[in-house]
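# Secondary and tertiary structure notes
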Amino acid sequence: MNRTFTCILCPNGCEIRTEYQGTEIRSVSGNKCPKGAEYVEQEITAPVRNLTSSVLVENGALPLCSVRLTRPVPKDRLFDIMAEIRKVTLQAPVQAGQIVIPDVLGLGSDVIATRDVEPI
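Structural notes, computed from the coordinates. Bear in mind the structure is a predicted one, so any value in this text is a computation, not a measurement.

Turning our attention to the pattern of salt bridges. Enumeration over the complete set of coordinates arrives at 3 salt bridges. Here R49 ties to E43 by a salt bridge, and the two come within 2.8 Å at their closest N and O atoms. The class for R49 is partly exposed, based on a relative accessible area of 25%. Classification of E43 as buried rests on a relative accessible area of 12%. D80 is the partner of R77 in a salt bridge, and the nearest nitrogen-oxygen pair spans 2.8 Å. Accessibility expressed as a relative area gives 26% for R77, which makes it partly exposed. A relative accessible area of 36% places D80 in the partly exposed class.

Right, here's the structure in full:
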């Protein structure tokens, strides 16, 4: 199978052409740095993503608090993680860095608040 990837690891945004069968990579071309080949390999064998979202805050100066994962997780689990995030409502005050969901779904990544929300 042939596929073109746009690398997102550096500002070059290389268009990387790849030939592969299943998870076996046969050729990679078009990358201007070694990171591009590593990116394509990960995308083919085990794609991961980071996730940002927001959660409701009760009694806060803001109605929502932004959250993010502490490390990337398997791409195919993003909807499952979002379902868990939607279950959460925080009580103000909220502090940036506060763990909102520890080890979400056992994936080794915490959901943390990324901003302070003061109480009203």
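From this point on, the discussion continues.
Before going further, it helps to examine helix 2 (residues 78-86). Residues of helix 2 that are buried: L78, I81, M82 and I85. Buried residues of helix 2, viewed axially, fall in a sector of 100°; they line one side. Those residues of helix 2 hidden inside the fold are in contact with strand 4 (48-49), strand 5 (52-58), strand 6 (64-69), strand 7 (73-74), strand 9 (99-101) and strand 10 (111-113).

Turning our eyes to something else, we now look at the sheet that holds strand 3 (residues 24-29). Whether parallel or antiparallel, the strands of a sheet pair through hydrogen bonds between backbone atoms. A sheet is described by the order of its strands in space; here 3 strands give the open sequence 1-2-3, paired in antiparallel fashion. Of all strands in the sheet, those with a lone pairing partner are strand 1 (2-6) and strand 3, marking the two edges. Neighbour-to-neighbour, the strand axes of the sheet open up by a mean angle of 30°, direction not taken into account. Pairing between strand 1 and strand 2 (residues 15-21): 5 bridges, direction antiparallel. Residue pairing across strands places R3 opposite T18, the latter belonging to strand 2.

Time to look at the nonpolar core. Across soluble globular proteins, you tend to see nonpolar side chains buried next to one another. Of all hydrophobic cores here, the largest spans 21 residues; its most connected members are C65, I85, L90, V100 and V111. Looking at this core, the elements with two or more residues in it are strand 5, strand 6, helix 2, strand 9 and strand 10. Top contributing element to this core by residue count: helix 2, with 4 residues. Non-local contacts of V111, meaning those with residues more than four positions away in its chain, are made with V67, R68, L69, I85, Q98, I99, V100, I101 and V104. C7, I16, Y39 and V40 belong to the second-largest nonpolar core, a separate cluster that totals 8 residues.

Rules behind the numbers
- Residues numbered from 1 in each chain as written.
- Predicted model: local features only at pLDDT ≥ 70, side-chain atom pairs only at ≥ 80, totals over all residues.
- Heavy atoms only, no water.
- Salt bridge = Lys/Arg side-chain N within 4 Å of Asp/Glu carboxyl O.
- Buried < 20%, exposed > 50% of the residue type's maximum accessible area, 1.4 Å probe, protein only.
- Helix = DSSP H or I, 4+ residues; strand = E, 2+ residues; numbered from the N terminus.
- Arc of directions from axis to C-beta.
- Contact = heavy atoms within 4.5 Å.
- Pairing = 2+ DSSP bridges.
- Axes fitted to C-alpha atoms, helices over the stretch in contact; angles between N-to-C directions.
- Core = buried A, V, L, I, M, F, W, Y, C linked by side-chain atoms within 4.5 Å.

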